[in-house]
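Listed here are the chains, written in short residue letters.
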Amino acid sequence: MHRLSKRSVNAILRSTSGARYRDVAAPISSADADSKGRWYSTLTSGTCNVAGSTKLFKSRNEPFFGCRYESTAAASDTSGSPSEKYEYQAEVSRLMDLIVNSLYSNKEVFLRELIRQCYYVMKSFLLHSRFLMQRGSNASDALDKLRFLGVTEPELLKDAVDLDIRIQTDKDNGIITIMDSGIGMTHQELDSKDAGADSNLIGQFGVGFYSSFLVSERVEVSTKSPKSDKQYVWVGEANASTYTIREETDPAKKLPRGTRLTLYLKRDDKGFAHPEKIEKLLKNYSQFVSFPIYTWQEKGYTKEVEVDEDPAEAKKEGEDETAEKKKKTKKVVEKYWDWELTNETQPIWLRSPKEVSKEEYNEFYRKTFNEYLDPLASSHFTTEGEVEFRSVLFVPPVSPTGKDDIVNPKTKNIRLYVKRVFISDDFDGELFPRYLSFIKGVVDSNDLPLNVSREILQENRIVRIMRKRLVRKAFEMIQGIALSENRDDYETFWENFGKHLKLGCIEDRENHKRLAPLLRFFSSQSENEMISLDEYVENMKPDQKDIYYIASDSVTSAKNTPFLEKLLEKDLEVLFLVDPIDEVAIQNVKLYKEKNFIDISKEDLDLGDKNEDKEKEIKQEFGQTCDWIKKRLGDKVASVQISNRLSSSPCVLVSGKFGWSANMERLMKAQTVGDTSSLEFMRSRRVFEINPEHPIIRTLTEACRSTPDDEEALRAIDLLYDAALVSSGFTPENPAQLGVKIYEMMNFALAGKWGTVGGYQQQVNQQPHIPETVEAEVVDPAEAGGQK
């Protein structure tokens, strides 16, 4: 293929850029003007009054609108030309039925599809392709072919009209007219039988064209190709098996080039014919189409008109001959109809990031997503290679209210465009994972794979690559906030979206290295300000090998737990995981910078100060005591061991290495559908650790050696276990029984200290009654003798 040089291409662009549209609504021919200088629009039956000095054609620097219209769209009239009747292919009939009844989820996409088709036709103007069949063409390839054919076939550019789209509505009759100045079609291209075998599958039009039957009972396509002197009209009806083609003979409806679609709406869908509705749909779906889209809108201007004077006032003024008479006027608003440019906003993502200011990004964010606050951060980038797309992403300043988006990925925060045509904002994790659903932005691709209705992404390799790159850019944005000099920005982000990142630690193992530096926690050395894992690692002791943490329901509870005693003595920092999701998130991360995460409430805690000889001596001294306590507690604990984590508390109840912590057990109990069988199994793995230096443990050791069967000593073991259960964060099985034990010990402790009152001393010395837990007996109503 012959290739043009860059200089030649630029020359072609300069030579073709002078083709401009005329001043009125549609191309004007000699038949459009009458002897009084009145001009008619091919889309209207109304008139536009033009002064004698008004120019018929505008120059390049003049504004587009030069005249005013006074009418609305009119229904098309019948033509006297003979019509040829054709049968749809069987596949096309089935396709139309599928499109109307099940392909599209929303009727309003019909306008997007028709504008999209017109848009691609104009992008591929001068291509030897049929009307509406360019939806799969690459835009850049189409433009390259346009430049090439513009040199080899200059006669195709003989009609100096701009490439644009115009939409006019008649709300009274329920009619929408869409006109473009694209390539148009010849009779051979219009007839699917003559067009060739490649069009038999979907007819002479593309799939998107048939979406017009979502809202239309009849559709007329009037089209004129620059390669033909004749204009033809295609007419089809919903639920019909035939269509007709005739030649256009009405001079008032002749087009210099392009296509005019006239939609006669169904009774229930005539609301789409309101100009306000059309403008709203265009701004939503086709706001960023590079070609201008004009809509026929009612406007008004204010002018002063003379008013008739009141006779009484006129007589009074006439008496004063010296008074100067002034004509009375009032301001009125005169209505008129005119073309208005609808898509005047240029896509910000098509510009170079260096040319866009922060204020422009903020304004785009607020306008696109209906926000009133500026985003915390933005990212504007272009991805090239095997997958090409442009995107602008934003981090919102606050989390949405009214619903918990952490469990609902369908947040409508990502707006997907294909060649600047809006496709959808309703996705279920195709472009972003659930934990990043708070990210807002736009994604524009030229060759994104979509399903036939263009509303759902197809799961394939290209989509996965896009998702991966979008996620990486999102993390770069968040990391930029974290590294900002203003620490308050990330505190604001973490307060709103910290749970999302913790959820990511659970769901996205591939991005743990990106997620972990973004996590923030309170600690034993920072109870009022959250720290990062990097800050924790920097503060670690030289011989410290692990990252220690404790999970609890609050910072106050965490800092008073007995598990911290020995670590605080050694000045070892411990992370406080006080959010319900924290513990699961950390367990999924497992390690950070080759440092393992260690739960200090689990057994086999290694603080790096083991002395095997000393441990051996302690075990020999207190081994009998451990066995004695284990025998008393039975299946309540898995074992009784000497603790290396206590300094002031007599004992603590720790979880098994692979069992639930006290915090996790509390959360699992709170689950609506919690599995009690697994709960019982995990509870049996608790380990009872004692502090051999504490006086209570030494006293019990003496009791074990002298009187192991003493009832008071055994009850002391029970109370010791219950106290450890509470202080370690677990929930007692029988709180009332625990209360009775505490009252008993208080009686012994306070007995005779301040004397006796009445017979209370005798009650103290008696054995208190401890209620036992008994199983309730179910009594049949008949056996109860009818008693209530």
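- An unreviewed UniProt entry lists the protein under the name Heat shock protein 90, from Anisodus tanguticus.
- Per its UniProt entry, the protein bears the Sequence similarities (unreviewed entry) comment "Belongs to the heat shock protein 90 family."

1. A word on the overall build of the protein
No. 1: Per the secondary structure count, the protein includes 23 helices and 25 strands.
No. 2: Across the 788 residues that make up the protein, the buried fraction comes to 47%.
No. 3: When contacts within the protein are restricted to residue pairs at least 6 apart in sequence, long-range pairs at least 24 apart make up 74% of them.
No. 4: Roughly 41500 Å² of accessible area belongs to the protein as shown, and the carbon and sulfur atoms make up 47% of that amount.

2. Things to note about the packing of helix α11 (residues 487-507) against helix α16 (residues 582-589)
When two helices pack together, their arrangement is given by the angle between the helix axes and by the axis-to-axis distance.
No. 1: Interaxial distance between α11 and α16 falls to 8 Å at its minimum, and their mutual angle equals 45°. It follows that α11 is oblique to α16 by the angle criterion. Note that α11 runs across α16; the crossing there is left-handed. Taking contact as the criterion, the partners of Lys502, Cys505 and Ile506 in α11 are, on α16, Asp582, Val584, Ala585, Asn588 and Val589.

3. Notes on the sheet that holds strand β23 (residues 639-642)
Strand pairs in the sheet, formed through backbone hydrogen bonds, run parallel or antiparallel to each other.
No. 1: With mixed pairing, three strands are arranged side by side in an open sheet as β23-β25-β24. A strand with exactly one partner marks an edge of an open sheet, and here the two such strands are β23 and β24 (651-654). Pairwise comparison of adjacent strand axes, ignoring direction, gives a mean angle of 25° for this sheet.
No. 2: Bridging between β24 and strand β25 (residues 687-690) involves four bridges; their strand directions are antiparallel. Opposite Val652, over in β25, you have Glu689 as the bridge partner.
No. 3: Running over the sheet, helix α17 (residues 612-633) touches β23 and β25 and is turned about 155° from β23.

4. So, the UniProt feature "binding site: ATP" (unreviewed entry) in the protein
No. 1: Per the UniProt entry, the sites bearing "binding site: ATP" (unreviewed entry) are Glu113, Asn138, Asp180, Met185, Gln204, Phe205, Gly206, Val207, Gly208, Phe209, Thr259 and Arg454 in this numbering.
No. 2: In this structure, Glu113 sits in helix α3 (residues 109-123).
No. 3: Along the chain, Phe209 turns up in the loop between α6 (192-195) and β6 (216-224).

5. Some thoughts on the sheet that holds strand β20 (residues 574-577)
No. 1: Within the open sheet, the six strands sit side by side as β18-β17-β20-β19-β22-β21. Their pairing is mixed. Lying at the two open borders of the sheet, with one neighbouring strand each, are β18 (526-532) and β21 (591-592).
No. 2: Here strand β19 (residues 546-551) runs beside β20; their pairing, made up of four bridges, is parallel. Each bridged residue has a counterpart across the sheet, and for Tyr549 the counterpart in β20 is Leu575.

6. With respect to helix α10 (residues 461-482)
No. 1: For α10, built from 22 residues, the straight-helix expectation of 32 Å at 1.5 Å per residue is met to within 8% by its first-to-last C-alpha distance of 32 Å.
No. 2: Tucked inside the fold, the buried residues of α10 contact β12 (377-383), β13 (389-395), β16 (440-445), α11 and α12 (512-515).

7. Brief notes about unusual backbone geometry
No. 1: Residue Lys593 is not a glycine yet carries a positive backbone phi of 55°.
No. 2: Within the secondary structure, Lys593 sits in the loop between β21 and β22 (595-599).
No. 3: Judged by relative accessible area, Lys593 falls into the exposed class, the value being 51%.
No. 4: Look at Glu594: it is not a glycine, yet its phi comes out positive at around 65°.
No. 5: Given the relative accessible area of 69%, Glu594 is considered exposed.

8. Things to note about the pairing of strand β17 (residues 520-523)
No. 1: By the alternation rule, side chains of β17 split into Arg520 and Phe522 and Phe521 and Ser523, which are all buried.
No. 2: Strand direction decides the pairing type here: β17 and β18, joined by three bridges, are antiparallel. Bridging across to β18, Phe521 finds its partner in Ile531.
No. 3: Count of turn residues in the β17/β18 antiparallel hairpin: two residues.

About the criteria used
Residues numbered from 1 in each chain as written. Predicted model: local features only at pLDDT ≥ 70, side-chain atom pairs only at ≥ 80, totals over all residues. Heavy atoms only, no water. UniProt positions renumbered as here; feature names shortened; annotations may be inferred. Helix = DSSP H or I, 4+ residues; strand = E, 2+ residues; numbered from the N terminus. Buried < 20%, exposed > 50% of the residue type's maximum accessible area, 1.4 Å probe, protein only. Contact = heavy atoms within 4.5 Å. Areas by Shrake-Rupley, 256 points an atom, 1.4 Å probe, with all protein chains shown as cover. Axes fitted to C-alpha atoms, helices over the stretch in contact; angles between N-to-C directions. Parallel < 35°, antiparallel > 145°, perpendicular 65-115°, else oblique. Left-handed = near helix turned anticlockwise from the far one by under 90°. Pairing = 2+ DSSP bridges. Expected span 1.5 Å × (residues − 1).

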